[in-house]
Amino acid sequence: MILEFVSLPQFLIIQQMKYNELEKKIKKAGCFDTGKQMAGHPIWHSPKTGKDFKMSNHGSEEVATGTLNAILKAAGLK
């Protein structure tokens, strides 16, 4: 049996990140907590996109892939 490794295109790579790592990343991009909440989730603002978006306070828990992509898009990082 011969195994062949094929490199995947960048867009197929699934990113995993914890909430506290995501918070550092979006802060570095200029996003900030507005001090408001929606259903217990803090509302953040991205000056790059002009959009407000929900984050979470789950700290060391992994962010679900769809949630991560939505937050990165709203923050202007994707």
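Attention in this report is confined to the structure presented alongside it. Model, not experiment: these values are computed from the prediction. (Residues numbered from 1 in each chain as written. Predicted model: local features only at pLDDT ≥ 70, side-chain atom pairs only at ≥ 80, totals over all residues. Heavy atoms only, no water.)

### Some points on unusual backbone geometry
The backbone of Ala 39 shows a phi angle near 55°, a positive value even though the residue is not glycine. Within the secondary structure, Ala 39 sits in the loop between strand 1 (32-38) and strand 2 (41-46). According to the relative accessible area criterion, Ala 39 is exposed, its value standing at 70%. (Helix = DSSP H or I, 4+ residues; strand = E, 2+ residues; numbered from the N terminus. Buried < 20%, exposed > 50% of the residue type's maximum accessible area, 1.4 Å probe, protein only.)

### Some thoughts on helix 2 (residues 65-75)
What helix 2 keeps buried is the set Leu 68, Ile 71, Leu 72, Ala 74 and Ala 75. For helix 2, the arc enclosing every buried residue in end-on projection is 165°, short of the 170-degree limit, so these residues lie on one face. Exposed residues on helix 2 whose side chains face more than 90 degrees from its buried face are Gly 66 and Lys 73. Turning to helix 2, the residues buried within the fold contact helix 1 (19-28), strand 2 and strand 3 (51-54). Phi for Gly 76, located one or two positions after helix 2, is positive at around 85°. (Arc of directions from axis to C-beta. Contact = heavy atoms within 4.5 Å.)

### What about the nonpolar core?
Considering soluble globular proteins, one finds that nonpolar side chains tend to be buried as a cluster. Residues Leu 22, Ile 26, Cys 31, Trp 44, Phe 53, Met 55 and Leu 68 are the most contacted members of the largest nonpolar core, which totals 14 residues. Contributions of two or more residues to this core are made by helix 1 and helix 2. No other element matches helix 2, which puts five residues into this core. In this structure Phe 53 touches Ile 26, Cys 31, Pro 42, Ile 43, Trp 44, His 45, Ser 46, Ile 71, Ala 74 and Ala 75, once residues within four positions along its chain are discounted. (Core = buried A, V, L, I, M, F, W, Y, C linked by side-chain atoms within 4.5 Å.)

### Notes on the packing of helix 1 against helix 2
Two packed helices can be described by the angle between their axes and the distance between those axes. Where helix 1 meets helix 2, the closest approach of the two axes is 11 Å, and the angle between their N-to-C directions is 10°. Considered as vectors, helix 1 and helix 2 are oriented roughly parallel to each other. Of the two elements, helix 1 crosses helix 2, and the hand of that crossing is right-handed. Touching Tyr 19, Leu 22, Lys 25 and Ile 26 of helix 1 are Thr 67, Leu 68, Ile 71, Leu 72 and Ala 75, all from helix 2. Broken down by class, the residue content of the contact of helix 1 with helix 2 amounts to seven nonpolar, one polar and one charged. (Axes fitted to C-alpha atoms, helices over the stretch in contact; angles between N-to-C directions. Parallel < 35°, antiparallel > 145°, perpendicular 65-115°, else oblique. Left-handed = near helix turned anticlockwise from the far one by under 90°. Nonpolar A, V, L, I, M, F, W, Y, C, P; charged D, E, K, R; others polar.)

Any link to function would need more than the numbers given here.
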